[in-house]
Amino acid sequence: MILQPRPHIPKPAARVVLLAAGALALIALRTVRRTPAAARASSGESRVVPASGGPVAPADVQRFRNLGKAYYEQGKYDDAVAQFEKVVGAGDAFATDHLDLGLALLQDNQLDQALAELTTAREMDPKLLAVHYNLGVLYKRELRYPDAEAEFRHVTSSDPTDPAAWFNLGTVCFAEKKLPEALDAFERVTAMGFGRGQNFYVAASFHVFTILTRLRRPEDAQKYLKINQEFRDKVPNISIQYPALEAGRYGAVIIPPAPIPASVAVAAPPAFTDITGRLGITAAKRTKGPGTSPINASDYSLGFARRTILPLFPASIAIGDYDGDGHPDIYIVRPGGRNQLLHNNGKGFTDVTDKAGVAGDGRGLSAVFADYDNSGHPSLLVAGLGGVTVYHNHGDGTFTDETARAGLTAKPGELDTRIIAFDSDSDGFLDIVTTTCTNLSDAPHKGVFRFPDDFEAGSIHLYRNNGDSTFSDVTASSGLGAVRGKMRSVAFADFNDDGYADLVFVREDASPLLYVNQGEDHFEDATAAAGPDFAKPAAVDAQVADLNHDGYFDLIFWSPQGYSILWGKGNARFQAAALPPELPVAQADRFAIPGTLADVDGNGFDDLVAFDDAGRLHA
């Protein structure tokens, strides 16, 4: 089974960490009081009455769904059936609820009951392709090949890009001794390439070899046999067997979005306490510098830039459990200053920077914890002036600089503003993307100039993880070489639900860019297809969240002029939110990060949080 998890977006319920514009401030949420359950009931909050009698709260129904999904993915199908039966028995079940129950019954080999649930789901929502796909799987298992073929053809006609549907159509046609039709279906899968097809590509290549051999086309058959031999070891053996080859996009449990709760009365606004000093963090305010005043060419050098331009950028934080004790630790990056690693002991924080050896030399702008070598110990990757620095985690509380060994070289003046780590090609190893604002070594050809206005635009880097603790720069071959601009940030998420993480690039001198991941380290520019609302003004940061819990990732863009929300509409398309609430943001400091997301009231929905020019918090 191919499982491509979405990027996890943390939603702290009782405590949040906020990065203030212009100065680092760690703020803990002190109190949030909700109305009592009786008051919520009297306000008309919906309750679901199950067929068995007693009332079941919507939250409980959603919990049954999530438990059923967890059991299903663990192969505990009896337990999954029990949970999904509770959902259906609670009343007002969705078509996807009957689909999920049908899936669990199908894997539990209760075919008659599975057929009943899948048929109900189809009657409720005839356009739900997952129902037709799984009916095809069920009919195939019952050897009802004409019925199975009809269902799989329905799926492939509606979604010709799904490798699982084509593969299973091929197996059905092969069983019906329709070799030309089977060959066509399998060749559709192999034409998608390994990046798209994965285990289906490997299995289909062998089926094509088999059919071509039967059709007495030995030379063509040998080509596909070589393909199969080349890629077979790149997928787990279990993934090219059944039932994994009956899974895929439409063979997965579908959990509907959680219902939006009724308005929750709050006795008092959320109260925050500044705990920065208690953590031993120095949070001196940044001062204005050459970024807002002219720079004389005679004064300028890379050393000058390091001393005076880097401190214009705000401090940033990376959060990760570097020692595996179950408590998230904090790494603070101070451009132009000394970084700090704070160890979380469960009761407080201790500065372990010197012991860990990760103070840096003032060149850093951002960082991320990432277990890039799959050692079980997240290392630190720091981006800034001169590219990326790799601090390898030895698992004993110490780190060493292994940048050279990792092969991450960059130009000395390259100013990398943001770094992310994600598995771009689904090979099990974390790859890296960095955004570059400009090259500070290339001073403008002027007697007097300003930063960053007069500097040349930067680019981005995609570093592929080679699986041996080294990286290769594949930016040019990946289709990302054309990305240009004074880049400030990058965000990733699977916006078209194809199992691959896509990229959104944020630049302060032009509108954002969207690149869709095609697999095998290849991206395509999908900015125009994302919709006219995507051509928004320049921004300095972007964040991803399902704000309205509709199952699609939304985008929030921040700039000194304010913020904007783009609602995800599926298939990497977006629509601007109409009249979003007013939220004051810091406008005086163009280098500050104006806002962020945090569930400040603990209701399960992310809130927008920003600081104004006076440092006051707004949510």
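Everything in this summary refers to the structure shown in the same document. Predicted model, so just to flag it, every value in this text is computed and none were measured. Positions within a chain are numbered from 1, following the residues in the order the chain's sequence is written. Whole-chain, interface and lining totals are the exception, using all residues; otherwise, since this is a predicted model, local features are given only for residues with pLDDT of at least 70 and side-chain atom pairs are given and counted only at 80 or more. Hydrogens and water are ignored here; the side-chain numbers use all heavy atoms of the structure.

1. Details of the overall build of the chain
In step 1: Each helix and strand in the chain was counted, giving 16 helices and 27 strands.
In step 2: Three exposure classes are used, based on accessible area relative to the maximum for each residue type with a 1.4 Å probe and protein chains only: buried under 20%, partly exposed in between, and exposed over 50%. For the chain, the residues scored as buried account for 52% of the 619 residues in total.
In step 3: Residue pairs in contact within the chain that sit at least 24 positions apart in sequence constitute 56% of those at least 6 positions apart.
In step 4: Areas reported here follow the Shrake-Rupley algorithm with a probe of radius 1.4 Å; residue values treat only the protein chains shown as occluding. When the accessible area of the chain is evaluated, it comes to approximately 27,200 Å², of which 52% is carbon and sulfur surface. Numbering goes from the N terminus for both helices and strands, where a helix is a DSSP run of H or I of at least four residues and a strand is a run of E of at least two. Throughout, a contact is declared for two residues whenever any of their heavy atoms are within 4.5 Å.

2. A word on helix α2 (residues 58–73)
In step 1: Take the number of residues in a helix, subtract one, and multiply by 1.5 Å to get its expected span. Here α2 spans 23 Å end to end across 16 residues, near enough to the 22 Å set by a 1.5 Å rise per residue.
In step 2: Pro58, Val61, Gln62, Phe64, Arg65, Gly68 and Tyr72 are the residues of α2 that are buried. One face of α2 carries all of its buried residues, which in axial projection span an arc of 155°.
In step 3: Those residues of α2 hidden inside the fold are in contact with α3 (77–89) and α4 (95–107). In this description, one arc is meant: the one made by directions from the helix axis to the C-beta atoms.

3. Topic: the sheet that holds strand β21 (residues 541–545)
In step 1: Strand pairing requires that DSSP identify at least two bridges connecting the strands. Judged by pairing direction, the sheet is antiparallel, and its four strands sit side by side in the order β21-β22-β23-β24 without closing on themselves. Each edge of the open sheet is held by one strand with a lone partner, namely β21 and β24 (574–576). Adjacent strand axes in the sheet meet at a mean angle of 25°, parallel and antiparallel pairs treated alike.
In step 2: Pairing of β21 with strand β22 (residues 554–559), which is carried by five bridges, proceeds in the antiparallel orientation. Between the N-to-C directions of two axes lies an angle of 0 to 180 degrees, each axis being a line fitted to C-alpha atoms and, for a helix, fitted only over the stretch in contact.

4. What to know about the pairing of strand β20 (residues 522–525)
On any regular strand, side chains alternate: one points to one face of the sheet, the next to the other face.
In step 1: Both strand β19 (residues 513–519) and β20 contribute to a ladder of four bridges, which runs antiparallel. Note on β20: the bridge partner recorded for glycine 519 is histidine 522.
In step 2: The loop that links β19 with its antiparallel partner β20 comprises two residues; one of these, glutamate 520, has a positive phi angle of about 55°.

5. So, the nonpolar core
In step 1: Judged by nonpolar contacts, the single largest core of 55 residues is most densely connected at Tyr72, Leu99, Tyr133, Phe152, Phe167 and Phe186.
In step 2: Take this core: its biggest share by element is eight residues, from helix α6 (residues 129–141).
In step 3: Leave out the neighbours within four places in its chain, and tyrosine 72 touches Tyr77, Ala80, Leu103, Ala104, Gln107, Gly251 and Val253.
In step 4: Residues enter a nonpolar core if they are buried and are Ala, Val, Leu, Ile, Met, Phe, Trp, Tyr or Cys, with the set joined through side-chain atoms within 4.5 Å. Formed by 19 residues, the second largest nonpolar core is a distinct cluster that contains Ala491, Ala530, Leu555 and Ala572.

6. A short note on the side chain of threonine 353
In step 1: As for its placement among the helices and strands, threonine 353 is situated in helix α14 (residues 353–356).
In step 2: A polar side-chain atom of threonine 353 sits 2.6 Å from a polar atom in the side chain of aspartate 351.
In step 3: With sequence-adjacent residues up to four places away left out, threonine 353 is seen in contact with Arg338, Asn339, Gln340, Leu341, Val358 and Ala359. Here a polar contact means two N or O atoms within 3.5 Å. Within protein one must be a hydrogen donor candidate and the other an acceptor candidate, and residues neighboring in sequence count only if both atoms are side-chain atoms.

7. Comments concerning the packing of α6 against helix α7 (residues 145–158)
In step 1: Direction vectors running N to C along α6 and α7 enclose 155°, while the axes themselves pass 8 Å from each other. By the angle between their directions, the pair α6 and α7 is classed as roughly antiparallel. Like other packed secondary-structure pairs, α6 and α7 cross with a definite hand, here left-handed. Of the residues in α7, those in contact with Leu129, His132, Tyr133, Leu135, Gly136, Val137, Tyr139 and Lys140 of α6 are Tyr145, Asp147, Ala148, Glu151, Phe152, His154, Val155 and Ser158.
In step 2: Under the scheme applied here, ten amino acids are nonpolar (Ala, Val, Leu, Ile, Met, Phe, Trp, Tyr, Cys and Pro), four are charged (Asp, Glu, Lys and Arg), and all others, including Gly, are polar. Taken together, the residues of the contact of α6 with α7 sort by class into nine nonpolar, four polar and three charged. Orientation is classified from the angle alone, with under 35 degrees giving roughly parallel, over 145 giving roughly antiparallel, 65 to 115 giving roughly perpendicular, and any other angle giving oblique. In this scheme the handedness of a crossing depends on how the near helix is turned from the far one: anticlockwise by less than a right angle means left-handed, clockwise means right-handed.

8. As for the sheet that holds strand β12 (residues 414–422)
The strands making up a sheet associate through backbone hydrogen bonding, with each pair oriented either parallel or antiparallel.
In step 1: An order of β12-β13-β15-β16 is seen for the four strands of this open sheet, with the pairing classed as antiparallel. With partners counted over all chains shown, the strands left at the sheet margins are β12 and β16 (471–473), one partner each. When the angles between neighbouring strand axes are averaged without regard to direction, this sheet yields 25°.
In step 2: As paired elements, strand β13 (residues 431–439) and strand β15 (residues 460–465) share four bridges and run antiparallel to each other. In the strand pairing of β15, threonine 435 is matched with isoleucine 460.

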